[in-house]
Amino acid sequence: MSDQVLERGGQRTLDIDPGRLLRRIAELARIGADPATGGITREGFSAADRAGRAYLMDQARTAGLTPAVDAAGNIVIRARPPGSDTPDSAERQVLMMGSHLDTVVNGGRLDGAYGVLAALEVLQTLTDSGRDTACEPVAVAFANEEGALFPQPFWGSMAVAGRLAALPREPADHHQRPLREALRLAGGDLDALGSVCWPAGSIAAYLELHIEQGPVLERSGSRIGVVEAITGRTVLTLDIRGSAGHCGTSPMTGRHDALTAAARVVLATEHLAAERRLCRVATVGRLDAHPNTPNTIAGAVRLTVDLRDTDIWRLTGAEQALRRMLRTVETATGTRIEVTAETRSDPVRADLRLRAAVAHAADALDLTHEALPSGAGHDAQVVADLAPIGMIFVPSLGGISHVPEEDSRPEDLVAGARVLLRTALDVADGTVL
Ligand code: HGY
Ligand code: MN
Ligand code: MN
């Protein structure tokens, strides 16, 4: 039962149901799992992602909660059907908790999924307890946070924050398949994105529980991470257009080889961060060549650039340096390079009051904790447009993530969810903000 009590120094408080949380994490991890690699692939708006979303909504209904899908494909889970609130409760602000269900390709079972299932567990625990709270707790699974198939990362949280009003182009996946149908199959509607935006002031706070995905907590031995800031992130899609041709009959001079142009871009992107240190990290993670045939000169290449830094001016400067470099590559290779900004997410700082609440909750649970920045991006940095944000980390074994070996100790997963519950209780009771 979720209303187990947790005795802590004599104090009796509400507790989650650890077995139920760990069971759901294990069940969800089977969806999109590749037995050959042990990795999980549930790219945003893919069939596997839809299966993971269906699992979450089934669990919510079985728990007596009400899941709903908004036009961007976000899953919003409430204790009662929308509109069924009593007049006074209808005015209540929301305490939003959540993360994302979609994964990278061949990724891990915890990135995103842990935070969503912990949010569900906390919502279920609070609802079952029958407590009246000043804020209405809500659990959210943001759609397509990773941008693994449709390369607009933070898609769902950007819609909630009203950032998708003017789409740079008709969203399509890396194979040019339009998003419209995939979004519809997930319950969304590309023509109704404006309805997804939450009104200013409607969210009292947003809390996201997540694995650290880095080595800091494991090395220090702290059980809980109190996130102080989230890195800024710029994700660009580059379309390089050259001239395809026969690789045997085309002389080396006069070629407009899109793949050699791409190679220059890949190495120059690494150079921006590794040698020139213009930003903290710079990565080309995906590259699709066309026609991608051994004996044909590539006529077109699409690749992604991911730049990160905690300083917005360094991030901006790195992007400008990249764009200057692209002009040089165009001239040297006779290709044209078109740049689309998929997302520019500023670095954000967590709310000091929420940081203090997370630290207080960890103390109450006798859990050691430390403040640390996040090198990973999170929906929280977009929701920060609308509300104060707080993030809670638990240690990642080996400090690795986005790989099948991504893992955390069960006791840490439970501890993190307990900190989320205790923090949510304080925020929902109106004693924090
Ligand atoms: O890329 C990131 O930092 C996150 O995993 N989406
Ligand atoms: Mn991730
Ligand atoms: Mn994540």
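Not measured: the values here are computed from a predicted model.

**Student:** Just checking my understanding: could you explain the overall build of the protein chain for this structure?
**Tutor:** Looking only at helices and strands, the protein chain has twelve helices and 18 strands in total. The C-alpha atoms of the protein chain give a radius of gyration of 23 Å, which matches the 22 Å a tight globule of 433 residues would have. Principal axes of the C-alpha set define a box for the protein chain whose edges measure 80 × 45 × 45 Å. Here the protein chain holds 433 residues, and 56% of them are scored as buried.

**Student:** Please clarify how the coordination of the manganese ion (ligand 2) should be interpreted in this entry.
**Tutor:** The expected angle between donors at a tetrahedral four-coordinate metal is 109.5 degrees. At an octahedral six-coordinate metal it is 90 or 180 degrees. Ligation of the manganese ion (ligand 2) by protein atoms is provided by Asp111 (OD), Glu146 (OE) and His402 (NE2), these donors lying 2.0 to 2.2 Å from the ion. In primary-sequence terms, the residues that donate to the manganese ion (ligand 2) follow D-x34-E-x255-H. Between the manganese ion (ligand 2) and the manganese ion (ligand 3), both coordinated by Asp111, there is a metal-metal distance of 3.6 Å. Taken together, the residues span a long stretch of sequence, with Glu146 in the loop between β6 (136-142) and α5 (155-160) and His402 in the loop between β18 (389-394) and α12 (410-428) at a distance of 256 residues.

**Student:** Before we go on, may I ask you to explain the coordination of the manganese ion (ligand 3) in this structure?
**Tutor:** His100 (NE2), Asp111 (OD) and His210 (NE2) make up the full set of protein donors to the manganese ion (ligand 3), lying at 2.1 to 2.3 Å. Counting along the primary sequence, the residues that act as donors to the manganese ion (ligand 3) give the motif H-x10-D-x98-H. Accessibility expressed as a relative area gives 0% for His100, which makes it buried.

**Student:** What's the story with the site of ligand 1 in this structure? I'm lost.
**Tutor:** Around ligand 1 sit Asp111, Glu145, Glu146, Arg233, Arg308, Ala376, Gly377 and His402, and that is every residue in its neighbourhood. For ligand 1, a nitrogen atom lies 2.9 Å from a polar atom in the side chain of Glu145. Between ligand 1 and Gly377 there is a distance of 2.7 Å, counted from an oxygen atom to a backbone nitrogen or oxygen. Starting from 220 Å² of accessible surface for ligand 1 in isolation, the protein chains cover 94%.

**Student:** Even after reading the chapter, I still don't get the side chain of Arg42, so can you show me in this structure?
**Tutor:** For Arg42, the position within the fold is in the loop between α1 (18-29) and α2 (47-62). Of the side chains bearing the opposite charge, Asp49 lies closest to the buried Arg42, which forms no salt bridge; the N-O distance is 5.3 Å. Within the structure, the side chain of Arg42 is placed 3.0 Å from the backbone oxygen of Ile31, a separation counted as a polar contact. Filtering out sequence-adjacent residues up to four positions away, Arg42 remains in contact with Leu28, Ile31, Gly32, Ala48, Asp49, Gly52, Leu101, Asp102, Thr103, Val104 and Ala113.

**Student:** It is not clear to me how the nonpolar core should be interpreted in this structure. Could you clarify?
**Tutor:** The nonpolar side chains of a soluble globular protein tend to be buried with one another. Among the nonpolar cores identified, the biggest contains 61 residues, and Leu56, Ile77, Leu95, Tyr114 and Val419 are the most heavily contacted of them. The dominant element in this core, judged by the number of residues it contributes, is α12, at eleven residues. Val76, Ala159, Val196 and Ala387 belong to the second-largest nonpolar core, a separate cluster that totals 42 residues.

**Student:** Even after reading the chapter, I still don't get the packing of α1 against α2, so can you show me in this structure?
**Tutor:** How two helices pack is summed up by the angle between their axes together with the distance between the axes. Where α1 meets α2, the axes come as close as 10 Å, and the angle between the chain directions of the two elements is 150°. By the criterion of interaxial angle, the relationship of α1 to α2 is roughly antiparallel. With respect to the hand of their crossing, α1 and α2 are arranged in right-handed fashion. Between α1 and α2, the contacting residues are Arg23, Arg24, Glu27 and Leu28 on the first element and Gly52, Tyr55 and Gln59 on the second.

**Student:** Where do I start with the pattern of salt bridges in this structure?
**Tutor:** This model, assessed by the stated rule, comprises 27 salt bridges. With a closest N to O distance of 3.0 Å, Arg314 and Asp309 form a salt bridge. The partly exposed category is assigned to Arg314, whose relative accessible area is 33%. The class for Asp309 is buried, based on a relative accessible area of 4%. Through salt bridges with shared partners, one network takes in Arg223, Arg409, Glu411 and Asp412.

The rules we used
Residues numbered from 1 in each chain as written. Chains lettered and ligands numbered in written order. Predicted model: local features only at pLDDT ≥ 70, side-chain atom pairs only at ≥ 80, totals over all residues. Heavy atoms only, no water. Helix = DSSP H or I, 4+ residues; strand = E, 2+ residues; numbered from the N terminus. Rg over C-alpha atoms; globule rule 2.2 N^0.38 Å. Buried < 20%, exposed > 50% of the residue type's maximum accessible area, 1.4 Å probe, protein only. Donors = N, O, S within 2.8 Å, 3.2 Å for Na, K, Ca; no water. Near = heavy atom within 4 Å. Polar contact = N/O pair within 3.5 Å; in protein donor to acceptor, adjacent residues only side chain to side chain. Areas by Shrake-Rupley, 256 points an atom, 1.4 Å probe, with all protein chains shown as cover. Lys, Arg positive; Asp, Glu negative; His and termini not counted. Salt bridge = Lys/Arg side-chain N within 4 Å of Asp/Glu carboxyl O. Contact = heavy atoms within 4.5 Å. Core = buried A, V, L, I, M, F, W, Y, C linked by side-chain atoms within 4.5 Å. Axes fitted to C-alpha atoms, helices over the stretch in contact; angles between N-to-C directions. Parallel < 35°, antiparallel > 145°, perpendicular 65-115°, else oblique. Left-handed = near helix turned anticlockwise from the far one by under 90°.

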